[in-house]
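Spelled out, the chains give:
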Amino acid sequence: MDALTDRRSRPTVRKFIPVAEPVFAGNEKRYVLDCLDTTWISSNGKYIDEFEKQFANYIGVKHAISVCNGTVALHVALLALGVKPGDEVIVPTLTYIATANSVSYCGAKPVFVDSEMNCWNIDPLRIEEKITPRTKGIIVVHLFGHPVDMEPIEDIAARYGLFILEDAAEAHGAEYKGRKVGSLGIAATFSFYGNKIITSGEGGMIVTNDDQLASMMRQIKGQGQDFHHRYWFPIIGYNYRMTNIQAAIGLAQLEKIDWHIERRRQVAHWYQERLDELEGVKYQPELPWAKNVYWMNCLVLAEHHRIDRDSLIRELANRGIETRPFFYSMHALPPYRSMEALPHFPVADYLSKMGLNLPSSAKLTETEVDLIVSNLKELIN
Ligand SMILES: *Cc1c(COP(=O)(O)O)cnc(C)c1O
């Protein structure tokens, strides 16, 4: 039993329960000190190589390319996939802004699609109506850790000759029909920000089975330098590299990823048991073909409640329980507001108005979940 699962080593209920927090349960400290001791602190070193190798292995793909965060992972992937000014890329409107921004960084236009009600991901039935001759591809986002229903989207992509890029920033280890997310499209991106399933502080990874794409991605993230010809830059690239220190933390986290995911699924199970009976709220689903990794535990309120979502968040905060609202939909945000002539995204609008993320740390105890749910019940009913 390690210190984290030994309840005697810390109080079972904390005065402040955060919505998310990193948990260091393995070799993080040892590996970071090793970087300092050996002076390998920049973007070369054994932890970079090992983290990439082990991550590719974990997802079950040929290549993993480390970068400095999950946003630039998307940017590099889109550049390597050939997205250019004037192109259009389909993205769900309900996502974190990095998904849409990465398309804008390429000078292309993100075209938004509504969510579906079952698992809150991009609605496959609303994609085709958004395809134009300029459409290059589709970014699917495995929102909050639940995989996207891929088959209908694979079918559309094949018929129109579009790429599928997975934004798996929130879903390390999630599975669609027994296949790990990250291995479902032509390429996929992950984030290791402090609140993600596993973290490296800041950090990101791009994965793909395609040799040519992989080598292009490495060139783009490394200033565009030719691998065989030093200081020869055939293209304009970027410095998007991860450091050995970040990789040291990431590798230590990856070594314990099964533990992190098990803990998250356990926490979700505790919520589910207690919230299923609560009337007028919907706890986050796990569809029969899915393995949800519960990056965030989510609750969606019914339309008519004694308390509205934002007051609920405030009241819980007063009681030391941190929660947060769902993301705003992209079509509602200033940079993207005017891009839709007739904005019509009823499901995403509903979710982003009524949804909240509950505390979701791998550190949560059953007693803390009890406390959170009893406060929820008191405020909602
Ligand atoms: C976190 C996140 C990103 C961006 O990752 P960073 O590492 O914070 O840049 C991209 N997409 C989604 C869906 C995310 O949740």
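### What about the site of the ligand?
Here's step 1: Among the 15 residues in the neighbourhood of the ligand, the closest are listed as Gly70, Thr71, Glu170, Ser191 and Lys196.
Here's step 2: Between the ligand and glutamate 170 there is a distance of 2.5 Å, counted from an oxygen atom to a side-chain nitrogen or oxygen.
Here's step 3: At a separation of 2.7 Å, an oxygen atom of the ligand approaches a polar side-chain atom of serine 191.
Here's step 4: In isolation the ligand exposes 380 Å². Once the protein is present, 94% of that is buried.
Here's step 5: Listing elements by their share of the shell around the ligand, those giving two or more residues are α3 (70-80) and α4 (97-105).
Here's step 6: For the shell around the ligand, the residue count by class is five nonpolar, seven polar and three charged.

### Brief notes about the packing of aromatic side chains
Here's step 1: Inspection of every chain in the model, using the stated rule, returns 13 aromatic pairs.
Here's step 2: Geometrically, the ring pair formed by tyrosine 96 and phenylalanine 327 is tilted, given 5.7 Å between the ring centres and 45° between the ring planes. Pair noted here: tyrosine 96 is in the loop between β2 (88-92) and α4 and phenylalanine 327 is in the loop between β13 (324-325) and α10 (346-354), with a separation of 231 residues, a long-range link.
Here's step 3: Taking relative accessible area as the criterion, tyrosine 96 reaches 43% and is therefore assigned partly exposed.
Here's step 4: We classify phenylalanine 327 as buried; its relative accessible area is 15%.
Here's step 5: By way of ring pairs, the aromatic residues Tyr96, Trp120, Phe144, Phe326 and Phe327 are connected into one cluster.
Here's step 6: Sitting above the plane of the tyrosine 58 ring, lysine 180 keeps its charged end 4.4 Å from the centroid.
Here's step 7: Above the ring of tryptophan 295, the side-chain terminus of lysine 196 is found at 5.4 Å from the ring centroid.

### Some details on the nonpolar core
Here's step 1: One finds Phe55 and Tyr271 to be the most contacted residues of the largest nonpolar core, which totals 122 residues.
Here's step 2: Both domains that meet at this core, namely domain 1 (5-21 + 257-380) and domain 2 (28-113 + 122-255), each give it at least three residues.
Here's step 3: Residue contacts for tyrosine 271: discarding those within four places in its chain leaves Tyr283, Asn297, Leu358, Pro359, Leu364, Val369, Ile372 and Val373.

### Describing the pattern of salt bridges
Here's step 1: Enumeration according to the criterion identifies 21 salt bridges in this entry.
Here's step 2: Glutamate 129 is the salt-bridge partner of arginine 126, the closest N and O atoms lying 3.2 Å from each other.
Here's step 3: Since its relative accessible area comes to 49%, glutamate 129 is described here as partly exposed.
Here's step 4: Ionic contacts of the salt-bridge type, sharing partners, join the residues Arg14, Glu21, Lys363 and Glu368 into one network.

### A look at the domain arrangement of the protein chain
Here's step 1: When the domains of the protein chain are assigned, the result is domain 1 (5-21 + 257-380) and domain 2 (28-113 + 122-255).
Here's step 2: Its C-alpha centre places domain 1 at a distance of 26 Å from the equivalent point of domain 2.
Here's step 3: Each partner contributes residues to the interface: domain 1 has 36 residues there, and domain 2 has 38 residues.
Here's step 4: Both sides together, the interface formed by domain 1 and domain 2 hides about 3,100 Å², and carbon and sulfur atoms give 68% of it.
Here's step 5: Per-residue buried area on domain 1 facing domain 2 is highest for Ile257, Trp289 and Trp295; these three make up 27% of the total on that side.
Here's step 6: Remark: the boundary between domain 1 and domain 2 carries 13 residue pairs in polar contact (both at pLDDT 80 or more).
Here's step 7: Looking at the side of domain 1 that touches domain 2, the elements with two or more residues in it are α8 (257-275), β11 (290-291) and α10.
Here's step 8: The element best represented in the side of domain 1 that touches domain 2 is α8, accounting for five residues.

### Details of the pairing of strand β8 (residues 187-191)
Here's step 1: Summarising burial for β8: five of the five residues are buried, a large majority.
Here's step 2: Where strand β5 (residues 163-167) lies against β8, three bridges are found, and the strand directions are parallel. Bridged to glutamate 166 within β8 is alanine 188.
Here's step 3: With five bridges joining them, β8 and strand β9 (residues 204-208) adopt antiparallel strand pairing. Its bridge partner lying in β9, alanine 187 is registered against threonine 208.

Parameters at a glance
- Residues numbered from 1 in each chain as written.
- Predicted model: local features only at pLDDT ≥ 70, side-chain atom pairs only at ≥ 80, totals over all residues.
- Heavy atoms only, no water.
- Near = heavy atom within 4 Å.
- Polar contact = N/O pair within 3.5 Å; in protein donor to acceptor, adjacent residues only side chain to side chain.
- Areas by Shrake-Rupley, 256 points an atom, 1.4 Å probe, with all protein chains shown as cover.
- Helix = DSSP H or I, 4+ residues; strand = E, 2+ residues; numbered from the N terminus.
- Nonpolar A, V, L, I, M, F, W, Y, C, P; charged D, E, K, R; others polar.
- Phe/Tyr/Trp six-rings, centres within 6.5 Å; stacked < 30°, edge-to-face > 60°.
- Buried < 20%, exposed > 50% of the residue type's maximum accessible area, 1.4 Å probe, protein only.
- Lys NZ or Arg CZ within 6 Å of the ring centre and 35° of its normal.
- Core = buried A, V, L, I, M, F, W, Y, C linked by side-chain atoms within 4.5 Å.
- Domains from an automatic or database assignment.
- Contact = heavy atoms within 4.5 Å.
- Salt bridge = Lys/Arg side-chain N within 4 Å of Asp/Glu carboxyl O.
- Buried area = accessible area lost by both parts, 1.4 Å probe.
- Pairing = 2+ DSSP bridges.

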